[in-house]
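Single-letter residue listing:
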Amino acid sequence: MSFTYIASAADWARIAPELVLAGVALLILLVDLLLPQTGAVPRERGAANFFVLPLLALLGVLGALAATIVLFVVGDGQRAFFGLVGSDWGSLYAYLAILSAAGLGIIFSPAYLKRLKLVHQGEYYALFLAATLGMMLLAAATSFMTLFLGLETLSLALYILCGFVTRRQSSQEAGMKYFLLSSFASAFLLYGVALIYGATGTTRFGARGTSAFPGVLQFLQAHPQSTTLLLIGIGLLTVGFAFKVSAIPFQMWTPDVYEGAPAPVTAFMSVGTKAAALVAFARVFAVVLEPVAADWQAVVWALAVLTMVGGNLLALVQRNAKRLLAYSSVAHAGYLLIGVVGGGATGLAAILFYLLCYAFLNAGAFGALSALERLDNSGCDREDLRGLWFRRPWLAGFLAFFLLGLAGFPPMAGFAAKYYLFFAALQGGHPELLLIGVLTSVLGMYYYLRLIAAMFMEPAREVQAGSLEVTPALAVAGAGAGAGVAPRASGPLGRAASTRTGGASTGAAVAVKTAAQATTRRAPEVEQAPETREQATEEGALAGSSLSWTTWLGLGLAALGALALGTVLPFWLVDLALKAAATL
Amino acid sequence: MSGPALIISFFVLAVASVASALGVILFRNAVYSALSLILTLLFLAMFYLQLGAMFIAIVQILIYAGAIMVLFLFVVTMLAADPRDPDLQDRLPWQRGVAAVLGLVLVGALSYLLLSGTPLNEAARAHGSEALSQVVAQQGNIQAFGQALFHGFSFAFEVTSLVIVVAILGALVLGRKA
């Protein structure tokens, strides 16, 4: 084959959504440079950072969304650029989920960034859009080349976004951890790609039903017996993909990264990465490697079962809401893998539809948490959420709404999505997966509901300020009483405690011991006490400030989307997903 | 190159590259290790030359032996660590045993694959839609690579530029003083 290839206008039109995003990302960097940043107006206050840049980024996402819809209507669905990138309905459907998550993440950002007093937002939004672009390339990849490049684009941008809060150690840790582990996984994937190239002689996927750009699919159809090289390649590829969709046993990074990263970034990456990686996973395995399905199906089956069971079990024991959601996202990856195992048009359509529903639900849940998170990354423990309903009823209501949706209760999108996915398991001839999926979903309901119960039914802990001031006194009392000099050393409260326990030395010792235990348990809180209080007042001030309307807008949009997907649109969207899946 | 010349040069290169690779892990001084890594990469480049892969040989020298190793040396010299530092003591001694076993497994598996003659693989070569070998035969290695890069894979090439922009942005964000 000779290389007389010229990019045509039609090729560029087929990747219009990506082009819009790339253009706007570069534009943001330029605009950031030109915005008036006089010394008198600190950057963290100016309207520029909190109005122009997010608006521009949002316009970019909306433009890409519009381009996607135009492509749905008038696009020819052909492969672009010599079979390197697809513009089929399957890719476009994945774009919808990715762009929804990106849009919601951007809407949640300004209020959060303002609270954390982060400057340099030009880079933030540019990287946000670059990550979105990478996800879209990954989802639309029809060649291992594009697949790897998309993966790298999104990963690089996300490493930096995760570590963006430079003053917060957990954020730095998240960025670093994600970087190291994810690079390792990328190396696995790349090695697998190289071996598959060695075994088949091509990096293109090849489309079903046409011989326009022959690729791996055509090779495997012609030579369905798998060589050792191909098997090793598929194995390494599985590792790389399983890491990206955070399937067990490759999930270790997920909770730490989701917890440490800025909450709007988590809202975006938890959905976007999953959507892109799963669509690519499904395309590579259930379509391109379909002729050798017997070789990989058992492995992916085991991954799905492990991930469903393990993710839900690990989520049960989490006390931090962000970590809980991280493990629940692991569990959701398990449900989604059912679609890959089941395969066929139904399985792929179920994945696409589930991802779209999941985008709104999970982004909404993390968005609600973003309004609670403080600079030192506290504020999302179950203790902090307790009684939220009495303090901030709307926020608690939204969070409960999204959690119920994730658990799969009917009026929200989660139910329709899960229903369809389990139906696909049955259709694909895997009733055991249906059974495991339903059982683990019931298990999942427990921890979602427990969090909701904590917000609505348990009274808030007594105002922290008071109790926190008490504890140091108690600590002194404990230490002093142990040495037998309690009354002299302790403050007023310690004296009260020792009078209460009376002079009986044994009783005092016991009481002091419990007090000492209590203080050691609370020691970290004590250290943070001044800052926490400052943050609390700041948060209170912010609740009434003009900026948090963006958060409400984001939450409202996510809730609306989740509700619409669950009630009005599911039949139409599932139909669309079925048609889209046939083109993957 | 063919016949005895090929065999002799292969064995000379093989011994030299293994020796320099051993140097990487056996030298106590990090700078020596880095320098013998450069040497190893140069020998690898010569292997490529021997196989007629002109372009990869040059890229190997330019990128690995040149750019990446210079970076390594910068880091090593700027963060010069004292070998007597207790933090640098081996905290996971069992790792060595595991690494040795896994290394043996890898060598065994690879030799098994090579010796059992896994078809590497005529069908794949015949099928290859890129069919670069024809272009290589007609025009040579570097021309074939250039054609693939700027014609067939121009899209991937363009996307790579975007990846680099993201990487530069990242360096900017992480390197800036808060």
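Residues numbered from 1 in each chain as written. Chains lettered and ligands numbered in written order. Predicted model: local features only at pLDDT ≥ 70, side-chain atom pairs only at ≥ 80, totals over all residues. Heavy atoms only, no water.

1. Focus on the overall build of chain B
In step 1: A tally of helices and strands in chain B yields eight helices and zero strands.
In step 2: When its helices and strands are written in sequence order, chain B yields α-α-α-α-α-α-α-α.
In step 3: Among the 178 residues that make up chain B, the fraction classed as buried is 25%.
In step 4: Long-range pairs, those at least 24 residues apart, make up 45% of the contacts in chain B between residues at least 6 apart in sequence.
In step 5: Looking at chain B as shown, the accessible area adds up to about 12200 Å², and 75% of this sits on carbon and sulfur atoms. (Helix = DSSP H or I, 4+ residues; strand = E, 2+ residues; numbered from the N terminus. Buried < 20%, exposed > 50% of the residue type's maximum accessible area, 1.4 Å probe, protein only. Contact = heavy atoms within 4.5 Å. Areas by Shrake-Rupley, 256 points an atom, 1.4 Å probe, with all protein chains shown as cover.)

2. Some remarks on the packing of helix 5 (residues 121–140) of chain A against helix 8 (residues 154–175) of chain B
In step 1: Two elements in contact, helix 5 of chain A and helix 8 of chain B, have axes separated by 11 Å at closest approach and are oriented at 150°. If you check the angle between helix 5 of chain A and helix 8 of chain B, you find them roughly antiparallel. Helix-helix and strand crossings are classified by hand; for helix 5 of chain A and helix 8 of chain B the assignment is left-handed. Residues Glu123(A), Ala126(A), Leu127(A), Ala130(A), Leu133(A) and Leu137(A) of helix 5 of chain A form the contact with helix 8 of chain B, whose participating residues are Phe155(B), Val159(B), Leu162(B), Val166(B), Leu169(B), Leu172(B) and Val173(B).
In step 2: The class makeup of the residues in the contact of helix 5 of chain A with helix 8 of chain B is 12 nonpolar, no polar and one charged. (Axes fitted to C-alpha atoms, helices over the stretch in contact; angles between N-to-C directions. Parallel < 35°, antiparallel > 145°, perpendicular 65-115°, else oblique. Left-handed = near helix turned anticlockwise from the far one by under 90°. Nonpolar A, V, L, I, M, F, W, Y, C, P; charged D, E, K, R; others polar.)

3. Quick word on the packing of helix 7 (residues 169–200) of chain A against helix 10 (residues 253–260) of chain A
Residue and element names in this part refer to chain A.
In step 1: One way to put it is that helix 7 packs onto helix 10 with a least axis distance of 8 Å and a crossing angle of 140°. The two elements helix 7 and helix 10 meet at a crossing, and its hand is left-handed. Packed against helix 7, whose contacting residues are Ser170, Ser171, Ala174, Lys177, Tyr178 and Leu181, the element helix 10 presents Trp253, Asp256, Val257 and Gly260 at the interface.

4. Observations concerning the nonpolar core
In step 1: Tyr93(A), Leu158(A) and Val340(A) are the most contacted members of the largest nonpolar core, which totals 207 residues.
In step 2: Beyond its immediate sequence surroundings of up to four residues, Val340(A) is in contact with Leu278(A), Phe281(A), Ala282(A), Phe285(A), Ala286(A), Trp296(A), Val300(A) and Ile351(A).
In step 3: In terms of nonpolar packing, the next biggest core, distinct from the first, is built from five residues, Ile38(B), Leu41(B), Ala65(B) and Met69(B) among them. (Core = buried A, V, L, I, M, F, W, Y, C linked by side-chain atoms within 4.5 Å.)

5. Regarding the pattern of salt bridges
Residue and element names in this part refer to chain A.
In step 1: This structure, assessed with the given rule, holds nine salt bridges over all chains.
In step 2: Put simply, Asp11 and Arg14 hold a salt bridge, and the shortest N to O gap is 3.0 Å. Taken together, the residues span about one helical turn, with Asp11 and Arg14 both in helix 1 (residues 9–14) at a distance of three residues. One exposure class covers both Asp11 and Arg14, and it is buried.
In step 3: Its salt-bridge partner being Glu373, residue Lys322 comes within 2.5 Å of it at the nearest N-O pair. (Salt bridge = Lys/Arg side-chain N within 4 Å of Asp/Glu carboxyl O.)

6. Topic: the environment of Phe148(A)
All names here are of chain A.
In step 1: Relative to the assigned elements, Phe148 resides in helix 6 (residues 144–162).
In step 2: Between the C-alpha atoms of Phe148 and Val193, which are 45 residues apart in sequence, the distance is 8.8 Å.
In step 3: Excluding anything up to four places from it in sequence, Phe148 contacts Ser186, Leu189 and Leu190.

7. A word on the environment of Gly198(A)
In step 1: Tracing the sequence through the fold places Gly198(A) in helix 7.
In step 2: Remark: the alpha-carbon pair of Gly198(A) and Ser211(A), spanning 13 residues in sequence, is separated by 21 Å.

8. A look at the packing of aromatic side chains
Residues and elements named next belong to chain A.
In step 1: In the structure shown here, the tally under the stated rule is 34 aromatic pairs over all chains.
In step 2: Centre to centre, the rings of Tyr447 and Tyr448 are 4.7 Å apart; their planes meet at 45°, and the pair counts as tilted.
In step 3: Take Tyr447: its relative accessible area is 1%, and that puts it in the buried class.
In step 4: On the accessibility criterion, Tyr448 (3% relative accessible area) is buried. (Phe/Tyr/Trp six-rings, centres within 6.5 Å; stacked < 30°, edge-to-face > 60°.)

9. Some thoughts on a nonpolar patch on the surface
Residues and elements named next belong to chain B.
In step 1: Side chains of Leu49, Met54, Ile58, Leu62, Ile63, Tyr64, Ile68, Leu71, Phe72 and Ile142 sit close together on the surface and give an oily, nonpolar patch of about 920 Å² of accessible area.
In step 2: Positionally, Leu71 belongs in helix 3 (residues 54–78).
In step 3: When its relative accessible area of 57% is taken as the criterion, Leu71 is described as exposed. (Patch = residues over 30% accessible without salt bridge, like charges linked within 9 Å, V, L, I, M, F, W, Y side chains within 5 Å.)

10. A look at the UniProt feature "domain: NADH:quinone oxidoreductase/Mrp antiporter transmembrane" (unreviewed entry) in chain A
In step 1: Those residues carrying the UniProt feature "domain: NADH:quinone oxidoreductase/Mrp antiporter transmembrane" (unreviewed entry) are residues 141–444 of chain A in this numbering.
In step 2: Each end of residues 141–444 of chain A is marked by a C-alpha atom, and these two atoms are 33 Å apart; helix forms 77% of the span and strand 0%. (UniProt positions renumbered as here; feature names shortened; annotations may be inferred.)

11. Describing unusual backbone geometry
Residues and elements named next belong to chain A.
In step 1: Note that the residue after Ile248, namely Pro249, is joined by a cis bond; omega there is 10°.
In step 2: With respect to the helices and strands, the residue Pro249 is situated in the loop between helix 9 (228–244) and helix 10.
In step 3: Phi angles above zero are rare outside glycine, and Phe81 is one such case at about 55°.
In step 4: As for its placement among the helices and strands, Phe81 is situated in the loop between helix 3 (47–74) and helix 4 (89–115).

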